[in-house]
Amino acid sequence: PAFDLLRRCGLAASGGEARRLIKGGGARVNDTVIGEDTQPITLQDLGEDGTIKMSAGKKRHALIRLA
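For the structure given in this document, a descriptive report is provided here. Note that the structure is a prediction, hence the values are computed from the model and not measured. (Residues numbered from 1 in each chain as written. Predicted model: local features only at pLDDT ≥ 70, side-chain atom pairs only at ≥ 80, totals over all residues. Heavy atoms only, no water.)

**Considerations on the pairing of strand β4 (residues 60–65)**
- Sheet analysis places strand β3 (residues 51–56) next to β4, joined by 6 bridges and oriented antiparallel. Bridged to K53 within β4 is L63.
- From the end of β3 to the start of β4, which pair antiparallel, there are 3 residues, and G57 there has a positive phi angle of about 75°. (Pairing = 2+ DSSP bridges. Helix = DSSP H or I, 4+ residues; strand = E, 2+ residues; numbered from the N terminus.)

Pasting the structure below:
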């Protein structure tokens, strides 16, 4: 789920913080607002370069690459 991925990539310190960020509209996947905290992040979210961009607010971002 989206909240867990935000926590794992370091954009949120805990699952609760990630859920609050999503509910406040501050979390994005590939520049699209995450609608629900349990929204799954799947292989369909991969970009052409093989990455998923996660954002928390305007200034904190993480690129996720699959190995």
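There's plenty left to go through after this.
**Overview of the environment of G24**
- Tracing the chain through its elements places G24 in the loop between α2 (15–23) and β1 (27–29).
- Looking at G24, the relative accessible area reads 66%, which means it is exposed.
- Separated by 16 residues in the primary sequence, G24 and P40 place their C-alpha atoms 18 Å from one another. (Buried < 20%, exposed > 50% of the residue type's maximum accessible area, 1.4 Å probe, protein only.)

**Details of the sheet that holds strand β2 (residues 32–33)**
- Spatially, the 4 strands line up as an open sheet ordered β2-β1-β3-β4, and their pairing is antiparallel. In the strand order of this sheet, the two ends are held by β2 and β4, each with one partner.

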